[in-house]
Amino acid sequence: MKFAIVFAALFALAIAGPVSHDNVDTLRYDNEVGPESHDSNLETSDGTKIVSHGVLKDAGTDHEAYNHQGSYSYVGDDGVTYTVNYVADENGFQPQGAHLPVAPEAAH
């Protein structure tokens, strides 16, 4: 059950980019979902690409966690392609992208 909830939430987050009202065709869609893992690829005619991979770690233990990694990219209204690479695991969602702000390092 945890797997389904986490997967659905993260996949929804991954595809949450700018919405276009133009006709967009799916060029590629591969999706394999197993009981303890998933692999997914999506590419559309508007330049959107989504790749994700996840695996259940330490299944059945107190340390059970779903490790999810992937990337998504889209072409913004300014014509620039924006890409986010991310990891989502027991440490939370950790996105990286050239257009994303970076938190300052903590002072020691």
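Above this note sits the structure.
Residues numbered from 1 in each chain as written. Predicted model: local features only at pLDDT ≥ 70, side-chain atom pairs only at ≥ 80, totals over all residues. Heavy atoms only, no water.

Draft legend 1. Focus on the overall build of the protein. A count of helices and strands for the protein gives one helix and six strands. When the helices and strands of the protein are read in sequence order from the N terminus, they spell out α-β-β-β-β-β-β. Relative to its full complement of 108 residues, the protein shows a buried share of 25%. For the protein, the exposed area adds up to about 7,500 Å²; of that, 53% sits on carbon and sulfur atoms. (Helix = DSSP H or I, 4+ residues; strand = E, 2+ residues; numbered from the N terminus. Buried < 20%, exposed > 50% of the residue type's maximum accessible area, 1.4 Å probe, protein only. Areas by Shrake-Rupley, 256 points an atom, 1.4 Å probe, with all protein chains shown as cover.)

Draft legend 2. Here's a closer look at the environment of asparagine 41. Of note, asparagine 41 is situated in strand S2 (residues 37-44). The spatial distance from the C-alpha of asparagine 41 to the C-alpha of aspartate 30 is 5.1 Å, given a sequence separation of 11 residues. Setting aside residues up to four positions removed in sequence, asparagine 41 forms contacts with Arg28, Tyr29, Asp30, Ile50 and Val51. (Contact = heavy atoms within 4.5 Å.)

Draft legend 3. Up close: the pattern of salt bridges. Going through the model one piece at a time under the given rule, you end up with two salt bridges. A salt bridge links aspartate 30 to arginine 28; the shortest N-O distance between them is 2.6 Å. Aspartate 30 gets classed as partly exposed once you look at its relative accessible area, which sits at 33%. Classification of arginine 28 as partly exposed rests on a relative accessible area of 40%. For the salt bridge of glutamate 90 with lysine 57, the shortest nitrogen-to-oxygen distance reads 2.9 Å. One end of the pair, glutamate 90, is in the loop between strand S5 (81-89) and strand S6 (92-96); the other, lysine 57, is in strand S3 (residues 49-57), with 33 residues separating them in the sequence. For glutamate 90, a relative accessible area of 45% corresponds to the partly exposed category. (Salt bridge = Lys/Arg side-chain N within 4 Å of Asp/Glu carboxyl O.)

Draft legend 4. Looking closely at the packing of aromatic side chains. A full pass over the atoms with the stated rule returns three aromatic pairs. Aromatic side chains tyrosine 72 and tyrosine 86 sit 6.3 Å apart centroid to centroid with 50° between the ring planes, which places their arrangement in the tilted category. Placement of tyrosine 72 in strand S4 (residues 65-75) and of tyrosine 86 in strand S5 is noted, with a sequence separation of 14 residues between them. Under the relative-accessibility criterion, tyrosine 72 is labelled buried at 13%. Feature note: the residues Tyr72, Tyr86 and Phe93 constitute an aromatic cluster, connected by ring pairs. (Phe/Tyr/Trp six-rings, centres within 6.5 Å; stacked < 30°, edge-to-face > 60°.)

Draft legend 5. Looking closely at the sheet that holds strand S1 (residues 26-33). Sheet architecture is open: six strands sit in the order S1-S2-S3-S4-S5-S6, paired in antiparallel fashion. Edge strands, defined here as strands with exactly one partner in the open sheet, are S1 and S6. Shown here is a sheet whose adjacent strand axes are inclined to one another by a mean of 10°, direction ignored. Sheet topology places S1 next to S2; seven bridges connect them, and they run antiparallel. By the bridge assignment, aspartate 30 is partnered in S2 with asparagine 41. (Pairing = 2+ DSSP bridges. Axes fitted to C-alpha atoms, helices over the stretch in contact; angles between N-to-C directions.)

Scope: geometric values only; no functional claims are made or implied.
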